[in-house]
Every structure is written in C-alpha cells, then in structure tokens.
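Observations on chain architecture
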Amino acid sequence: MIDKGRLNDAIDPLLRAAAISGPAAQRHATATALLRLGVGLTQRYGFTDALRIHARAAAVFAELGEVEKELQCRIFTGVCEWQLKAYESAIQIFDSVAGRALSAGKSAFRARALLSISCILVDHLRQYQRAVPYAAEAARLSRSTGDHEQAAHALRHLDEARREGTA
C-alpha cells in the first residue's frame with residue numbers, strides 16, 4: 001500500500017506549480033505531468049487523490065486553450081466521482097463535459113460523457129426514464145464518429161431504459 005504522506009509530498013508541489021502563472025510551456029508540462037499522475041493513481045491507488053489532480057489539470061488545460069486535454073481530464077474527474085459513488089456529482093461533471101464538447105465541436109467527447117451519464121442512470125441509480133435521452137444521443141453521436149462499440153453499448157442502455165422504464 002502506498003504511504004499517503006509520501007504521495008502528498010509528491011503531489012502537492014505539482015499542484016502548486018500548476019497554480020502558478022508562468023510560461024505556457026511550463027504550465028503545459030506541469031498539467032501533462034498531473035494528467036499522467038492522475039491516470040496512474042486512478043488505475044492503482046485511489047480516486048480521491050486522482051480527483052483533485054484531474055480537476056487541477058483540467059483547469060490548467062482550459063486556461064491554455066487545450067480543449068481535448070481539458071475534456072479528457074474532466075472525464076477522468078467524473079470517473080473518479082463515479083467510482084467514489086458520488087453519482088449525482090459525476091452526472092453533473094459529465095453533463096458539463098457534454099456541453100463543453102458541444103460548444104467545442106468535439107462529438108466523440110460528448111458521446112463519451114453522455115454514455116457515462118446513461119451508465120450511471122441505468123446501472124446504478126435505476127432511473128430509466130431519465131437515461132433515455134442520454135443513451136439515445138450517445139448512440140447517435142457514437143455512430144456518427146465511427147465508434148460502433150460505444151454505439152452498441154449506448155443502444156443496450158437505451159433498450160434497457162425503455163424496457164424497464166415502461167415496466
């Protein structure tokens with residue numbers, strides 16, 4: 001198991017560096033390091049630390065105008081909330097990602113965020129009627145971006161939501 005004190009000793013300087021205004025290249029490198037660290041933490045150790053790391057990296061990438069990396073970090077933030085069972089918070093994050101992706105013309109990110117919402121609503125909250133529009137739009141967007149596996153996943157959620165929502 002990882003020593004939380006040592007982990008925080010490693011994380012805190014990166015978070016402080018990301019908060020300091022400076023040359024864009026330096027801030028980009030720091031945000032990229034945060035993204036990589038957050039992914040590693042998400043996969044191995046815990047979601048609470050990864051949550052704050054992804055949120056900070058997303059903010060830096062947003063300030064730098066790097067939309068795709070910002071959206072990627074925000075999706076990871078939503079995943080961390082989801083894994084911590086903060087379902088409504090995760091839904092709000094994914095909904096925000098979907099809106100940002102729409103305004104930025106990033107359909108694949110929008111589809112992923114909408115699918116994540118439908119997963120939470122169907123698999124965890126059993127709020128089938130609420131899931132229908134998210135699953136339907138995720139399926140449509142996924143097909144349009146050529147992600148047939150994701151489209152099939154969204155269609156399974158849509159079928160289940162429609163079936164269970166009328167039962």
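Overview of the structure. (Residues numbered from 1 in each chain as written. Predicted model: local features only at pLDDT ≥ 70, side-chain atom pairs only at ≥ 80, totals over all residues. Heavy atoms only, no water.)

1. So, the side chain of R74
Inspection of the secondary structure puts R74 in helix α4 (residues 67–83). For R74, a relative accessible area of 16% puts it in the buried group. Each residue touching R74, except ones within four places of it in the same chain, is listed here: A58, I93, S96, V97 and R100. (Helix = DSSP H or I, 4+ residues; strand = E, 2+ residues; numbered from the N terminus. Buried < 20%, exposed > 50% of the residue type's maximum accessible area, 1.4 Å probe, protein only. Contact = heavy atoms within 4.5 Å.)

2. Here we look at helix α5 (residues 87–104)
Its 18 residues place the ends of α5 25 Å apart at the C-alpha level, agreeing with the 26 Å of an ideal helix rising 1.5 Å per residue. Considered for burial, the residues of α5 that qualify are Y87, A90, I91, I93, F94, V97, A98 and A101. Buried residues of α5, viewed axially, fall in a sector of 165 degrees; they line one side. When the buried face of α5 is taken as reference, the exposed residues oriented beyond 90 degrees from it are Q92 and S103. Where α5 is buried, its residues touch α4, α6 (107–124) and α7 (128–144). The positive-phi residue at the C-terminal boundary of α5 is G105, with phi of around 70 degrees. (Expected span 1.5 Å × (residues − 1). Arc of directions from axis to C-beta.)

3. Some words on the packing of α7 against helix α8 (residues 148–166)
Remark: α7 packs on α8, axes separated minimally by 8 Å, with the N-to-C direction vectors making an angle of 155 degrees. Considering their axes alone, α7 and α8 lie roughly antiparallel with respect to each other. Along this stretch, α7 crosses α8, giving a crossing that reads as left-handed. Of the residues contributing to the contact of α7 with α8, the split by class is twelve nonpolar, seven polar and four charged. (Axes fitted to C-alpha atoms, helices over the stretch in contact; angles between N-to-C directions. Parallel < 35°, antiparallel > 145°, perpendicular 65-115°, else oblique. Left-handed = near helix turned anticlockwise from the far one by under 90°. Nonpolar A, V, L, I, M, F, W, Y, C, P; charged D, E, K, R; others polar.)

4. Side note on the nonpolar core
The biggest cluster of nonpolar side chains holds 33 residues, and the ones touching the most others in it are W82, F94, L114, I117 and I120. For this core, the secondary structure elements donating two or more residues are α4, α5, α6, α7 and α8. Residues in contact with L114, not counting those within four places in the same chain, are A98, Y134, E137, A138 and L141. Counting residues in each nonpolar core, the second largest holds nine residues, with A31, L34, V60 and F61 among its members. (Core = buried A, V, L, I, M, F, W, Y, C linked by side-chain atoms within 4.5 Å.)

5. Let's talk about the packing of aromatic side chains
Counting across every chain of the model gives one aromatic pair. Ring geometry for W82 against F94: centres 6.1 Å apart, planes inclined by 85 degrees, an arrangement best described as edge-to-face. With W82 in helix α4 and F94 in helix α5, this residue pair connects regions lying twelve residues apart in the sequence. With respect to burial, W82 and F94 carry one shared label: buried. (Phe/Tyr/Trp six-rings, centres within 6.5 Å; stacked < 30°, edge-to-face > 60°.)

6. Quick look at the environment of A152
On the secondary structure map, A152 appears in helix α8. Of the residues examined, A152 reaches a relative accessible area of 32% and is grouped as partly exposed. Remark: the alpha-carbon pair of A152 and S142, spanning ten residues in sequence, is separated by 8.7 Å.

7. Topic: the packing of α6 against α8
Taken N-terminus to C-terminus, the directions of α6 and α8 make an angle of 35 degrees; their axes are 10 Å apart at the nearest point. Along this stretch, α6 crosses α8, giving a crossing that reads as left-handed. Between α6 and α8, the residues in contact are A108, A111, R112, L115, S118, C119, V122 and D123 and Q150, H153, A154, H157, E160 and A161, respectively. Here the residues of the contact of α6 with α8 sort into seven nonpolar, four polar and three charged.

8. Here we look at the pattern of salt bridges
This structure, assessed with the given rule, holds five salt bridges. Of the charged contacts in the structure, one is a salt bridge between E88 and R130, with a shortest N-O distance of 3.0 Å. Separated by 42 residues along the polypeptide, E88 in helix α5 and R130 in helix α7 bring together distant segments of the chain. With a relative accessible area of 35%, E88 lands in the partly exposed category. Residue R130 is classed as partly exposed on the basis of its relative accessible area, which comes to 32%. In this structure, the salt-bridge partner of E137 is R140, at a minimum N-O distance of 2.7 Å. (Salt bridge = Lys/Arg side-chain N within 4 Å of Asp/Glu carboxyl O.)

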